[in-house]
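# Examination of the molecular architecture
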Amino acid sequence: MTTVLTTGPGLRGGLGESVRRPDGGPKARGEFAFSSDLEAEDMLWAHLLRSPHPSAAISSLDLSPAFAVPGVAAVLAAGDVPGRQSFGLDYPDQPVFAGKVVRHVGEPIAAVAADHPITARRAAEAIAVTYEVTEPLTDPEAAMEAPPIHERGNVLFHQDIVHGDPGATGEVSVEGSYATAMQDQAFLGPESALAVPAGDGGVDLYLATQWLHVDRDQIAACLGLPLDLVRLHLSGVGGAFGAREDMSMQVQLCLLAMRTGRPVKIVFSREESFLGHVHRHPARMWYRHSADADGNLVKVEAKLILDGGAYLSSSPAVLQNAACFAAGPYRVPNAVVDATAVRTNNPPCGAMRGFGAVQVCFAYETQMDKLAAALRMDPVELRLRNALRTGDTMITGQVLSGAAPVAEVIRAVAAAPLPAEPGPSDAPEIALPGGAGRTAERDRVRRGIGFAVGFKNLMYSAGFDDFTTARCRLEEGRVTITSAAVEVGQGLVTLMQQIARHIFGVADVSLGEATTAGIGSAGSTSASRQTWMTGGAVEAACRAVAERLVSSVAQRLERPLASLRLDGGRVCSDDGAVDLSLVGAASGQVFEETAVYRHPPTEELDEKGQGNAHVSFAFGAHRAVVDVDLDLGLVRVVDVTTAQDVGRALNPLQLIGQIEGGTAQGVGLAVMEEIVLDRGTVRNPSFTDYIIPTALDSPPVTIAGLIEEPEPGAPHGAKGAGEPPAISSTAAVAAAIRDATGLELARVPIRPQDIALALAAFEEDRQ
Amino acid sequence: MTNTTSVPELLSYTLNVNGRDHQVSDAELGENLLFVLRERLGLRGSKNACEQGECGSCSVLVDGRLECSCTMLAAAATGRQIVTVEGLTPSGDGLSEVQEAFVAEGAVQCGFCTPGLIVSVSDLLDRLPLATELEIREAISGNLCRCTGYGRIIAAVQAAQHARSAREALR
């Protein structure tokens, strides 16, 4: 490895620079092809018929009215699935088509392909289904004891953590019950794909997903086809945030294409998107924190219930995360955590940015504020006193061996200047809580400041064989990197080019197609893992090619290998006698190497929740400043300041993009985002009713610190950065609203009525 | 078997898009402008994300006014001047000032909202070249972005303002 040096002076676009993304131009021109932009000759359009009921038996299903609609080419339902009848990331418990029962609103029952999308929708609506509606099971606490709604029972996963002395007590203790609502990933690009039947009896599927190979494996099982006959090709992904980890229509679409022998396209409406993908688990959480009189944490106890909805999805991993991170980034010598994910007739829940760490952060950070108040201690001081450091033991018994700049992120945020006090008389109306049209009374606006710290694992944990594959090809001085890793918007395409430039010192780096045909799995674009994992594989593949190139020169010129090196895009010798460009060095040869990268192995947790389950962790802190209108309960998030543990900033501009975007999603959960459920029915499946932050709602995000403490073992020392911004931002905003109002506010999102009605009731009591 | 679904009347009409007349033939009456732009005219820069005028991904200019093309019936847009993102994009592979600013400032992540924002911001800077940050935020509050938190988008709009005033100073 010693023969490869790095980017030469003068070459732009290497690591550490804010390099422009290669797909930026096409995206800004409107020419980038998202999965909803695909078309093929003689293409049909698909539509899924979905259950309107959260719980029902299907007593009859008559597809013939759909067949009778002119322009309809195929109608499929349960019974038309040739292979495995169900799918699922962890265990296949989710039917491709509901057969005898439906378990959630939106569950697919039939699929239609027709010559026009309107025809397909009309035909699907014409299908006659007789439902015997049954009482839905929608209370996650009742679910544990209720009669099972699925043959695999209502407890999806349980995880205990018992650490240290469960009987330990502190001098001060605080207790509380907390809840977080169901959040939607609300990516902009709806679920969409194009399936094309192939002459060999297989199918090619062009789609937006987060992990091509795991979709491929599940589709092939349901189609009853060998893996090589199911080829997945990445199309443009309009955001993901976890919602594209599970399949939504892949199998149904492939079945329609194979049945009709024609290409079939599907594009979900926004309503279908809300009903057709998994969401962030709603959580109910009870906590008790105990500390000594100096504020040293003695014990954390927590009971966590996550509502997994109708099917398993990734509930076990989400739940394990919630349990592992239940005590926060603090030294906690004794802990008892009882965590359960349950099955209900609510919409299925699975991955969303932060993956179990978001819910508990809201609870434990609220507890830390309560504890600080009980101790009459500064909340920042309490957090600093207990902050995890490298070498500390976590509640899972794992010793924190990597970088852990917890105190640094806290200090950076705490030291940042506060935004100017509001001048209520001169602030424009639109800058007040409520904005245009619902403007607050200026003298009834109160400012609050809140603070929160959070953390999460990077990459897959608990014994999972997590690997990624990448290929490097050097031909005529041009480098091509190929990987099946999914670009979802985060900028992995830029980073792959940066790594290749860093090694070869050439500007011209192309990217090959992301497909299951011809290269192995890159793992999922989730768990903040691709910078580390695909970054590691690309680095390894490039180095392997570089080594071969230098060896070939050594052989050809009969010089000792040790006297040659690749430096700044040239193969040179120490004595200066050899100085070749990449083209000259290759001398007509093409070099290609494929590398597989694995992170160090992890262990499953034992029955007491102890074990080295995680590879690495990333930490972050947020401080939020809010203005609250006490009468209407409207909140304006004025400013969010953050610091994050990033290992190393490989592309500062893209990193800022992750931090700002993730923070906004956390702000959304704090004050506006909630899938409103009414006995299993989603009441707000639209962007009119499910509100995500607009440019007026999103605060300016000040980055007080990018803490660059290189992570040992991480390629280039960099930690994944996608998730930490979404973890502590929610808790910080909630704390700021508490500071402004004096209310307890134990549930997010904090709705206007949670503030206004509570304050009105408080006033009434006082009178 | 009787067919109970009524077949809607098919329409043919002309749309003027980006200064050019386009013939639309045998279209269903229910097709909105976004669908016709994308699926019949092949102009896929306008994006479909909410179908109810909430997200701005399908923003176009109709007779100079910013509109969501998803909430307008295509057949009702005859006789009007429609400008899409393609009409604001230089030929070749160049970028407009606004597009260049979006790429350079990191305002593009997944990019699904980007074309709609390009239309919306181009319209803003034509109407209000010196918009303040708050005016920018208000002007683009009809364009949802889920990736960026809007920070880099605001920076891009401001960079485009600077580029434009520098260009005009040179005149």
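Residues numbered from 1 in each chain as written. Chains lettered and ligands numbered in written order. Predicted model: local features only at pLDDT ≥ 70, side-chain atom pairs only at ≥ 80, totals over all residues.

## So, the domain arrangement of chain A
Residues and elements named next belong to chain A. Here is the rule we go by: Here the limits of each domain have been adopted from an automatic or database domain assignment. C-beta atoms are placed from the backbone for every residue, and two residues are taken to be in contact when these atoms lie within 7 Å. In the scheme used here, Gly and all other residues not listed as nonpolar or charged are polar, with Ala, Val, Leu, Ile, Met, Phe, Trp, Tyr, Cys and Pro taken as nonpolar and Asp, Glu, Lys and Arg as charged.
Each assigned domain of chain A is listed with its residue range as follows: domain 1 (24-32 + 467-598), domain 2 (35-135 + 190-237 + 244-276) and domain 3 (279-396 + 403-461 + 606-766). The interface is formed by 16 residues belonging to domain 1 together with 14 residues belonging to domain 2. Grouping the amino acids of the side of domain 1 that touches domain 2 by side-chain chemistry returns 6 nonpolar, 8 polar and 2 charged.

## Looking at the sheet that holds strand S3 (residues 72-77) of chain A
Residue and element names in this part refer to chain A. The criterion, for reference: The pairing criterion is simple: DSSP has to find at least two bridges between the two strands. Only DSSP runs of H or I covering at least 4 residues are called helices, and only runs of E covering at least 2 are called strands; the numbering of each starts at the N terminus. Between N-to-C directions, angles cover 0 to 180 degrees, with each direction set by a line fitted to C-alpha atoms, over the stretch in contact for helices.
The 7 strands lie next to each other as S3-S7-S1-S14-S11-S12-S13, forming an open sheet whose pairing is mixed. Both edges of this open sheet fall to S3 and strand S13 (230-234), since each of them pairs with a single strand only. Averaged over all pairs of adjacent strands, the angle between their axes in this sheet comes to 20 degrees, without regard to strand direction. Across 4 bridges, strand S11 (residues 192-197) lies against strand S14 (residues 264-267) in antiparallel orientation. Residue pairing for S14: Ser192 is matched across the bridge by Val267. In the packing of helix H3 (residues 117-126) onto the sheet, the strands contacted are strand S1 (44-50), S3 and strand S7 (108-114), and the crossing angle to S1 comes to about 30 degrees.

## Thoughts on the nonpolar core
Residues and elements named next belong to chain A. Keep this limit in mind: By definition, a nonpolar core groups buried Ala, Val, Leu, Ile, Met, Phe, Trp, Tyr and Cys residues that connect through C-beta atoms lying within 7 Å of each other. Any residue whose C-beta has 12 or fewer other C-beta atoms within 10 Å is treated as exposed, any with 20 or more as buried, and any in between as partly exposed, C-beta atoms being built from the backbone.
The biggest cluster of nonpolar side chains holds 307 residues, and the ones touching the most others in it are Val112 and Leu304. With 11 residues, helix H13 (residues 530-557) is the single largest residue contributor to this core. Those residues in contact with Val112 that lie beyond four places of it in its chain are Ala46, His47, Ala66, Val72, Val75, Ala120, Ala123 and Ala124.

## Comments concerning the environment of Thr71(B)
Residues and elements named next belong to chain B. By the secondary structure assignment, Thr71 is in the loop between strand S4 (65-68) and strand S5 (81-83). Take Thr71: there are 15 C-beta atoms within 10 Å of it, and that puts it in the partly exposed class. Note: C-alpha distance between Thr71 and Glu51 (20 residues apart in sequence) is 7.0 Å.

## Some remarks on the environment of Asn48(B)
Tracing the backbone shows Asn48(B) in the loop between helix H1 (33-40) and strand S3 (59-62). Remark: the alpha-carbon pair of Asn48(B) and Ser69(B), spanning 21 residues in sequence, is separated by 9.3 Å. Residues in contact with Asn48(B), not counting those within four places in the same chain, are Ser36(A), Pro190(A), Val267(A), Leu34(B), Ser57(B), Cys58(B) and Cys70(B).

## Points about unusual backbone geometry
Residue and element names in this part refer to chain A. In the segment running from Val748 into Pro749, the intervening peptide bond is cis, with an omega of 0 degrees. Residue placement: Pro749 occurs in the loop between strand S33 (747-748) and helix H17 (752-766). Here the phi dihedral of Glu476 falls at roughly 55 degrees; this positive angle occurs in a residue that is not glycine. You can see Glu476 is positioned in the loop between strand S21 (467-475) and strand S22 (478-482).

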